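# Examination of the molecular architecture
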Amino acid sequence: MDLVLIAKALVLAVVEGATEFIPVSSTGHQLLIGHFIGFHSPNNTFEVLIQLGAILAILFAYFGRLWGIATALPSDPKARRFVLAVLVAFLPAAIIGGLFSKYIKFYLFNPWIVCATLVAGGLVLLVVDDTVGEPKAAPHDGPTESPRKTDVFEFSLPMALKIGIFQCLAMIPGVSRSGATIVGAMLMGASKRSATEFSFYLAMPTMAGAFAKDLLDNYKNLSSNDALLIVIGFVAAFVSALIVVRTVLDYVSRHGFWLFAWWRIIVGSLGFAALIIFG
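Cut-offs applied
- Residues numbered from 1 in each chain as written.
- Predicted model: local features only at pLDDT ≥ 70, side-chain atom pairs only at ≥ 80, totals over all residues.
- Heavy atoms only, no water.
- UniProt positions renumbered as here; feature names shortened; annotations may be inferred.
- Helix = DSSP H or I, 4+ residues; strand = E, 2+ residues; numbered from the N terminus.
- Rg over C-alpha atoms; globule rule 2.2 N^0.38 Å.
- Buried < 20%, exposed > 50% of the residue type's maximum accessible area, 1.4 Å probe, protein only.
- Lys, Arg positive; Asp, Glu negative; His and termini not counted.
- Charge placed at Lys NZ, Arg CZ, Asp CG, Glu CD.
- Polar contact = N/O pair within 3.5 Å; in protein donor to acceptor, adjacent residues only side chain to side chain.
- Contact = heavy atoms within 4.5 Å.

In the annotation of an unreviewed UniProt entry, the entry for the protein chain reads Undecaprenyl-diphosphatase, and the organism field reads Methylorubrum zatmanii. According to its UniProt record, the protein chain has this under Catalytic activity (unreviewed entry): "di-trans,octa-cis-undecaprenyl diphosphate + H2O = di-trans,octa-cis-undecaprenyl phosphate + phosphate + H(+)".

Here it is in structure tokens:
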């Protein structure tokens, strides 16, 4: 196995796991990095399979909570409503993705669009982070802003559906699935932490569904020769995603999203410059 190829695969896998659950677009980063380091797998089969590492990372990190929800379903209406809310939020992406994913990948998956959406999404995230943040007290002990929703179990079904519609924007590479759902949830009245947490829960069916569809479409391109590469990528994506999932909620609660916003703007701008210079 070519060591250079392994190194490229390792970089892509670490980036996949590290960016999947933060609002910077894992797909956008993979497209740009793959373009500039010259890593191309047939029909993106490598990129599809290492997503499973990120999926298992969040299932592993949230196993206790998921088990608690599952065991509460028969007796707790709140748990049943929450599961239904996640499924309702998942539905728009399932429909749009099932119908149009091939066309979206064919027409939109190119580095120029990624750079544009990274920059635009960063600017949107800066504005939302600054203007749709936590409630602040009015001057002179006046009334405070309306309290924001801090418990994901209290998200209503109409709110979940609207968040799911926002998630559909992430089918454009560079937009970011987590970024779209977080912005949508905050615009619907969620706090930064609860918006991010709901994005985690929504990632589980969304990523699992996307993985299953991509695997079904591309399984014929799999080769036993790529087994080592896939195993390395899977493990790297799992570890990096697990680190992010276990730390990002506390981070956004304290600092918000400005770092991710500026990261998007810088990466997108550097990507534009590199495309102009190197093609």
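## Remarks on the overall build of the protein chain
Scanning the protein chain from terminus to terminus reveals 11 helices and 0 strands. Taking 279 residues into account, the globule formula puts the C-alpha radius of gyration at 19 Å, and the protein chain, at 19 Å, falls close to it. With the principal axes as the frame, the protein chain shows a C-alpha extent of 65 × 50 × 35 Å. Expressed as a percentage of its 279 residues, the buried residues of the protein chain come to 46%. Of the side chains in the protein chain, 19 bear a positive and 17 a negative charge, and the two mean positions are spaced by 4 Å.

## Side note on the side chain of Gln30
As for its position among the elements, Gln30 is in helix H2 (residues 26–37). With relative accessibility at 8%, the residue Gln30 sits in the buried group. In this structure the side chain of Gln30 is engaged in a polar contact, spanning 2.5 Å, whose partner is the side chain of Glu16. Once residues within four sequence positions are removed from consideration, Gln30 is found in contact with Leu12, Glu16, Glu47 and Ile50.

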